[in-house]
Amino acid sequence: MQINSFEEYQETYKLSVDQPEQFWAGIADKFLWRKKWDKVLSWNFSEPTIKWFEGAKLNITENCLDRHLAENGDKPAIIWEPNDPQKDSITLSYKILHEQVCRFANVLKKNGVKKGDRVCIYMPMVPELAVAVLACARIGAVHSVVFGGFSAKSIADRINDAECKVVITADGAFRGNKQIQLKEVIDDALIGCPTVERVIVLTHTRTPVSMLKGRDIWWEDEIKLVDTNCPAEEMDAEDLLFILYTSGSTGKPKGVVHTIGGYMVYAGYTFSNVFNYQKDEVFFCTADIGWITGHSYIVYGPLSQGATTLMFEGIPTYPDASRMWQVVEKHKVNILYTAPTAIRSLMSFGLEPLNGIDMSSLRVLGSVGEPINEEAWHWFDENIGKSKCPIVDTWWQTETGGIMISPIAYVTPTKPSFATLPLPGIQPILVDENGNEIEGNNVSGNLCIKFPWPGMLRTTYGDHERCKLTYFSTYENLYFTGDGCLRDEDGYYRITGRVDDVINVSGHRIGTAEVENAINMHAGVVESAVVGFPHEVKGQGIYAFVIFPNHHEDADLTRKDILQTVTRVIGAIAKPDKILFVSGLPKTRSGKIMRRILRKIAEGDTSNLGDITTLLDPAVVEEIIEKSQK
Ligand code: 6R9
């Protein structure tokens, strides 16, 4: 299933477009099915309905665990590196991981979790998080992992949207020199979550927690009460595997739904190819399992291929800026998959943190989450890869399930800041505002995909209409990504960023409407408008224009209060970097905020604001410019 030369890539790509069903059936054949499919694909983008491997029966954990036991039972499946470098790392072999997953799956069953039930997971980056995810999959429950940085309110919204029955959490999490009180946040969240019957709590930070009688139980107690025999539930290929919430241009996050068969095939295929994974190599993806990158390339992709995946609890700059490189050295990492924001942040410490660290084990480098600027690309290439490791700049999304446009390591010639070419099976097209295809090279437009691939989302949980509206209605018969893109003279793709009202902060998607809603909840705020602006480390920062007529004398204090509100409502990741108090916002006569103008002002480029004559009150623009320059 691995592609080994550029010619082979071209042939494979051609086959995948000419005969997609035959192509994907050939790939799917390399996985373990209890029963093969009756039909490879049926689809219709206007509904949308997308079905892959219909009629097939499987369990994804048999692919990720059981099938490796006979030959590779003792091989490390997960290596875990703790936040504190003084503490010991932990290695779980495939055999042990299998045992732990089965045991915890029995805990879930004992607590009433059944096939199809939704389980919310809010945990630190510890091996038990991977165990919890796989245990859900083992018994056919649908997991919804929520990143440890989200607030109680965000969690409650997600739990209620999916009507989760059980929550799996821990007492707390370590992140650098901070501790996050996970259980306390869950307690706050659950005040408004009537569907939750059980909370399973893992001991990790040993911080005191309150345990509610009849609802809360300890992970450690429960696993003593069950055995390790847990046959995998037989699932349909199109049964739900997980829900993962992501921000869009409207206020409410959407629950992106992935189903078992197609997602498994796509995550496994892309993992094996893009990173050119070789037997016994150590793969290190620095994402958190709370994001899609962690789902696909810490858990499902690597484990489905029998790989060794490294899970890091901490952050790249703790205890100092050499930590990530030390982890690479310590565990002899061969493939390092990280984000431009991490590279830029580490770059700012210079080369000193690299002194004396042996990273000669590295063979492939990867980047994900946002466009990588040329400077960061070259720094990564020269100082980390020593100019001998291919960099795969992988473009994809929560909705796509796996990598879509990317070089294949040791196959595709790379070009700084280009995601290069589509993987086999992926048919990108660029369209103009009216949905007309822009053909040829040296062009740019909105990026769409015109044919289904196995890893694509099937719906948005509980609201199929929203899935249709968001992704399949902007342009007829196309999946719209929300990204702008250019195709250069070689046909190489470069993703230029979101074209909707989504800001990409350190690789995390944040909807402007969501932040505005949070700010507007603060007492005294009349209205606000939020836009992105270029940020040296984060890629994009959040700039908020706020109408707050009677703020305190001390504007800084008011700013802090607003940040506090945003942290409470969404989480610290959505805190604006800049807040400017204004007396009005630029609006059209129909009342629409003209973000285009605010974006320019936030960028500090007020020379050419374009046509502002359609504004209700052009004078506010003058005022905002003046205040922004103070
Ligand atoms: C995997 C992930 C998706 C959005 C996407 C795009 C941006 C991701 C990128 C990239 C340029 C890359 N994005 N990878 N932009 N080059 N290599 O990040 O999923 O959190 O859903 O974000 O991130 O704007 O639309 P998700």
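This one's a predicted model, so the numbers in the text were calculated from it and none came from an experiment.

Where do I start with the overall build of the chain in this structure?
Along the backbone of the chain there are 18 helices and 30 strands. In terms of overall size, the chain behaves like a compact globule, its C-alpha atoms giving a radius of gyration of 24 Å where 630 residues would be expected to give roughly 25 Å. If one aligns the C-alpha atoms of the chain with their principal axes, the spans along those axes are about 75 × 60 × 55 Å. Considering only intrachain contacts with a sequence separation of at least 6, the fraction spanning at least 24 residues in the chain is 71%. Looking at the chain as shown, the accessible area adds up to about 24,200 Å², and 48% of this sits on carbon and sulfur atoms. Each charge class in the chain can be summarised by its mean position, and for the 64 positive and 81 negative side chains these summaries are 4 Å apart.

Looking at this structure, how should I read the side chain of Ser-16?
Take Ser-16: it is sitting in helix α1 (residues 6–18). Take Ser-16: its relative accessible area is 2%, and that puts it in the buried class. A polar contact of 2.7 Å, which involves the side chain of Ser-16, links it to the backbone oxygen of Tyr-13. In this structure, Ser-16 is in contact with Phe-23, Pro-424 and Gly-425, ignoring residues within four places of it in sequence.

Explain the nonpolar core to me, please; I cannot follow it from the model alone.
A general trend in soluble globular proteins is that nonpolar side chains are found buried together. Of all hydrophobic cores here, the largest spans 170 residues; its most connected members are Trp-33, Phe-53, Phe-275 and Tyr-300. It is helix α5 (residues 127–139) that contributes the most residues to this core, 10 residues altogether. There are two domains that each give this core at least three residues, and those are domain 1 (6–111 + 122–485) and domain 2 (506–629). Beyond its immediate chain neighbours, meaning those up to four positions away, Trp-33 contacts Ala-28, Phe-53, Ala-56, Lys-57, Leu-58, Ala-237, Gly-261, Met-264 and Val-265. Grouped together as the second largest cluster of nonpolar side chains are 28 residues, Leu-336, Leu-346, Phe-380 and Cys-389 included.

Can you help me understand the domain arrangement of the chain in this one?
The figure often quoted for interface size is the accessible area lost as the parts come together. Here the chain is partitioned into domain 1 (6–111 + 122–485) and domain 2 (506–629). Across the contact, 22 residues belong to domain 1 and 21 residues belong to domain 2. When the two sides are added together, the surface that domain 1 and domain 2 hide from each other amounts to roughly 1,500 Å², 49% of it contributed by carbon and sulfur. Close ionic contact of Arg-509 with Glu-399 constitutes a salt bridge, the shortest N to O distance being 2.9 Å. On inspection of domain 1 and its partner domain 2, the count reaches 13 residue pairs in polar contact (both at pLDDT 80 or more). Ranked by residue count, the leading element in the side of domain 1 that touches domain 2 is helix α12 (residues 340–347), at three residues.

Reading the values: the criteria
Residues numbered from 1 in each chain as written. Predicted model: local features only at pLDDT ≥ 70, side-chain atom pairs only at ≥ 80, totals over all residues. Heavy atoms only, no water. Helix = DSSP H or I, 4+ residues; strand = E, 2+ residues; numbered from the N terminus. Rg over C-alpha atoms; globule rule 2.2 N^0.38 Å. Contact = heavy atoms within 4.5 Å. Areas by Shrake-Rupley, 256 points an atom, 1.4 Å probe, with all protein chains shown as cover. Lys, Arg positive; Asp, Glu negative; His and termini not counted. Charge placed at Lys NZ, Arg CZ, Asp CG, Glu CD. Buried < 20%, exposed > 50% of the residue type's maximum accessible area, 1.4 Å probe, protein only. Polar contact = N/O pair within 3.5 Å; in protein donor to acceptor, adjacent residues only side chain to side chain. Core = buried A, V, L, I, M, F, W, Y, C linked by side-chain atoms within 4.5 Å. Domains from an automatic or database assignment. Buried area = accessible area lost by both parts, 1.4 Å probe. Salt bridge = Lys/Arg side-chain N within 4 Å of Asp/Glu carboxyl O.

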